[in-house]
Amino acid sequence: MEVIARLEHVTKTYGKVVALDAVSLTVSRGVTAVLGPNGAGKSTMIELLSGLRRPTGGRVEVLGGDPGDLAVKARIGITPQRTALPWRLTVAETLDLLAAHYPKPLTRDEVVQRLDLGEFLHKRNGTLSGGQRRRVALGAALIGNPELLFLDEPTSGLDADSRDRLWAAIAEVSAGGRGVLLTTHDMAEAEHLAGRIVVIAGGKVARDGSLDDVIVEVGLHLVDIEVPDGTSPLTFTTIPAERVEQLGNRTRIYTADPDATVRALVLDRVPFRGIRVERVGLEEAIRAITAGDGDSVIPVSPAVPQLAERVS
Ligand SMILES: Nc1ncnc2c1ncn2[C@@H]1O[C@H](COP(=O)(O)OP(=O)(O)OP(=O)(O)O)[C@@H](O)[C@H]1O
């Protein structure tokens, strides 16, 4: 697969904080989703790849050159997490102004159509809602007809219709043979768009593969049972589990060995009614991979005693 961008042993520090720690990664065409908890280093990675920051150590190469070079910048598009659009300009003026900086831009109409910007095309950026601004920001990234697009949480804060439209626009860019690297906390977004998942934890690449690879490698299953009220939680104490959640009368047991878990439920005579066993989805897989990293992660823990605490 053709490599269109790469990080080689890239480290980025901010004072004493090591945001990225000797990371090596290649980016190919298609959509790559970079996932991980808050503070994992995802935005830093995008900023380095798009030339907004320089690495402390290692090498960043984009489209065969240095992302700091104007010639490379003209071939990439970026939607940072916070986009500063010129507040006094209208959306139309903004797109026209940006288009003038690129050798082969898309027409304004193409971008307006793809992202459905017509409704507020002649409004000033300063008067747009947060979601409208997000859509204009993607338009600003697309107008230069980039070969490689970097999107930092492109759909956060969007309503379902706007999100669907952006997903369609991103899929269209990718189907046209371009590369897209995006960060997101929305697992549905990663599942919907990405052919490749890169998981960042503690400034390092913790997993890199297809959606299925990542989920299968984690090897976690969910055993979801319905337990009648009044069941003593103590009956669960020998059940193999990585993590347990109690939701009303449903108990969700995350386990690496679903057969052993179901056997234990039966042997312990847990009076469950319904039972559902399935491989976990991306969200739970990422939670397991990044356990203990970042500042908003619920750690995977030996949850058997926890269950007793939670339901008692
Ligand atoms: N300009 C900065 N100055 C100092 N520290 C920074 C700066 N930018 C990021 N950091 C730190 O670097 C680490 C990685 O931050 P980064 O924004 O790359 O994470 P992230 O994965 O994008 O997080 P989130 O999901 O919350 O957006 C964090 O510990 C963060 O506090």
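Residues numbered from 1 in each chain as written. Predicted model: local features only at pLDDT ≥ 70, side-chain atom pairs only at ≥ 80, totals over all residues. Heavy atoms only, no water.

Looking at an unreviewed UniProt entry, one finds the protein named ABC transporter ATP-binding protein and attributed to Catellatospora methionotrophica. What UniProt states about the protein under its Subcellular location (unreviewed entry) heading is, verbatim, "Cell membrane". (UniProt positions renumbered as here; feature names shortened; annotations may be inferred.)

Asker: Would you take a moment to explain the pairing of strand S2 (residues 17-28) for this structure?
Answerer: The side chains of a regular strand alternate between the sheet's two faces. Where strand S1 (residues 3-14) and S2 come together, eight bridges link them in antiparallel fashion. Bridging across to S2, Val3 finds its partner in Ser28. In this structure, the hairpin formed by S1 and S2 is closed by a connection of two residues, where Gly15 is found at a positive phi of approximately 60°. (Pairing = 2+ DSSP bridges. Helix = DSSP H or I, 4+ residues; strand = E, 2+ residues; numbered from the N terminus.)

Asker: Could you clarify how one ought to interpret the environment of Gln246 in this entry?
Answerer: By secondary structure assignment, the location of Gln246 is in strand S11 (residues 243-247). Judged by relative accessible area, Gln246 falls into the partly exposed class, the value being 26%. For the pair Gln246 and Glu61, spaced 185 residues apart in the sequence, the C-alpha separation amounts to 47 Å. In terms of polar contacts, Gln246 uses its side chain to reach the backbone carbonyl oxygen of Arg250, at 3.5 Å. Separated by 3.0 Å, the side chains of Gln246 and Thr251 make a polar contact. (Buried < 20%, exposed > 50% of the residue type's maximum accessible area, 1.4 Å probe, protein only. Polar contact = N/O pair within 3.5 Å; in protein donor to acceptor, adjacent residues only side chain to side chain.)

Asker: Whenever I open this one, the packing of helix H8 (residues 211-218) against helix H10 (residues 282-289) confuses me. Can you help?
Answerer: Geometry of a packed helix pair, given as the angle between the helix axes and the separation of the axes. Relative to each other, H8 and H10 sit at 60°, their axes nearing to 9 Å. The angle between H8 and H10 places the two elements in the oblique class. For the crossing formed where H8 meets H10, the hand is left-handed. For the pair formed by H8 and H10, the contact residues are Leu211, Val214, Ile215 and Val218 on the first element and Leu282, Ala285, Ala288 and Ile289 on the second. (Axes fitted to C-alpha atoms, helices over the stretch in contact; angles between N-to-C directions. Parallel < 35°, antiparallel > 145°, perpendicular 65-115°, else oblique. Left-handed = near helix turned anticlockwise from the far one by under 90°. Contact = heavy atoms within 4.5 Å.)

Asker: I tried to follow the sheet that holds strand S13 (residues 275-279) on my own but got confused; where do I start?
Answerer: Working definition: the strands of a sheet are paired by backbone hydrogen bonds and lie parallel or antiparallel to each other. Read from one edge to the other, the open sheet built from four strands follows the order S11-S12-S10-S13, with strand pairing classed as antiparallel. Each end of this open sheet is capped by a strand with a single partner; those strands are S11 and S13. Taken over all neighbouring pairs, the strand axes of this sheet differ in orientation by 15° on average, direction set aside. In this sheet, strand S12 (residues 250-255) lies alongside S11 in antiparallel orientation, the contact comprising five bridges. Paired with Val244 across the bridge in S12 is Ile253.

Asker: I keep staring at the UniProt feature "domain: ABC transporter" (unreviewed entry) in the protein and nothing clicks. Help me out?
Answerer: When the UniProt feature table is mapped onto this chain, "domain: ABC transporter" (unreviewed entry) is found at residues 5-227. Taken end to end, residues 5-227 is 33% helix and 30% strand, and its two terminal C-alpha atoms sit 51 Å from one another.

Asker: What is the right way to look at the domain arrangement of the protein in this model?
Answerer: When the parts of a complex come together, some accessible area is lost, and that lost area is often taken as the interface size. Each domain of the protein was delimited in the assignment, giving domain 1 (3-209) and domain 2 (216-311). Computed from C-alpha atoms alone, the centre-to-centre distance between domain 1 and domain 2 is 37 Å. Opposite the 14 residues of domain 1 that make contact, domain 2 presents 12 residues. Both faces considered, domain 1 and domain 2 share a buried interface measuring about 1,000 Å² in area, 68% of it formed by carbon and sulfur atoms. Area buried by domain 1 at its contact with domain 2 is led by Pro37, Met187 and Arg207, which between them contribute 46% of it. At the junction of domain 1 and domain 2, the tally comes to one salt bridge. A salt bridge links Arg207 to Glu217, with the nearest nitrogen and oxygen atoms 3.0 Å apart. Taken together, the connections running from domain 1 to domain 2 amount to one residue pair in polar contact (both at pLDDT 80 or more). For the side of domain 1 that touches domain 2, the secondary-structure elements that each account for two or more residues are helix H7 (187-193), strand S8 (196-201) and strand S9 (204-209). Considering every element that reaches the side of domain 1 that touches domain 2, the biggest residue donor is S8, with four residues. (Domains from an automatic or database assignment. Buried area = accessible area lost by both parts, 1.4 Å probe. Salt bridge = Lys/Arg side-chain N within 4 Å of Asp/Glu carboxyl O.)

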